[in-house]
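Below, each chain spelled out in residue letters.
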Amino acid sequence: QVQLVESGGGLVQAGGSLRLSCTASGLIRSVNVMGWYRQAPGKQRELVATITSGGSTNYADSVKGRFTISRNNARNTVYMQMNSVKPEDTAVYYCNADARAYLTASRDYWGQGTQVTVSS
């Protein structure tokens, strides 16, 4: 199995910056797409950004130009640099990975979530 552990959430003022990290561990054979999703109170979980193992990225329109996703394949770690944050970025942020553990098929894995709160 694969475990995802996030870190880096917290309280930040509007206009500030925050960096999230997520590391995949376990009997990993390969990690394909990694990404970040978020869920605000009363709303559905939504995609924030994804990155392939080759470095191709995809962003939600709401964060383009402000957030940057990156990854370290050797460490199975994905990062998200959040700049110029806004109160509407407040949510629980979840790490996601399409990964394959040994002796299993590829599947989606989720982290436990990390709270990001942006004060106005």
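The sections below set out a description of the structure shown in this document. If you're wondering where the values come from, they're calculated on a predicted model, not measured in any experiment.

## Here's the deal with the sheet that holds strand S1 (residues 2-7)
- If you walk across this open sheet you meet the 4 strands as S1-S3-S8-S7, and the pairing is antiparallel. Each edge of the open sheet is held by one strand with a lone partner, namely S1 and strand S7 (67-72). Each neighbouring strand pair of the sheet contributes to a mean axis angle of 15°, computed without reference to strand direction.

## Details of the nonpolar core
- In terms of nonpolar packing, the biggest core is built from 33 residues, with Trp36, Met80, Met82 and Tyr93 touching the most fellow members.
- The set of elements that each furnish at least two residues to this core consists of S1, strand S3 (18-26), strand S4 (28-39), strand S5 (46-51), S7, strand S8 (77-82), strand S9 (91-101) and strand S11 (114-119).
- The dominant element in this core, judged by the number of residues it contributes, is S9, at 6 residues.
- Non-local contacts of Met80, meaning those with residues more than four positions away in its chain, are made with Leu18, Arg19, Leu20, Trp36, Val48, Ala49, Phe67, Thr68, Ile69 and Tyr93.

## Concerning the pattern of salt bridges
- In the structure shown here, the tally under the stated rule is 4 salt bridges.
- We note a salt bridge from Asp89 to Arg38, for which the minimum N-O separation is 3.0 Å. Note that Asp89 is positioned in the loop between S8 and S9 and Arg38 in strand S4, a separation of 51 residues in sequence.
- Take Arg38: its relative accessible area is 6%, and that puts it in the buried class.
- Close ionic contact of Arg66 with Asp89 constitutes a salt bridge, the shortest N to O distance being 2.8 Å.

Conventions and cut-offs
- Residues numbered from 1 in each chain as written.
- Predicted model: local features only at pLDDT ≥ 70, side-chain atom pairs only at ≥ 80, totals over all residues.
- Heavy atoms only, no water.
- Pairing = 2+ DSSP bridges.
- Helix = DSSP H or I, 4+ residues; strand = E, 2+ residues; numbered from the N terminus.
- Axes fitted to C-alpha atoms, helices over the stretch in contact; angles between N-to-C directions.
- Core = buried A, V, L, I, M, F, W, Y, C linked by side-chain atoms within 4.5 Å.
- Buried < 20%, exposed > 50% of the residue type's maximum accessible area, 1.4 Å probe, protein only.
- Contact = heavy atoms within 4.5 Å.
- Salt bridge = Lys/Arg side-chain N within 4 Å of Asp/Glu carboxyl O.

Keep in mind that these numbers describe shape and distance, not what the molecule does.
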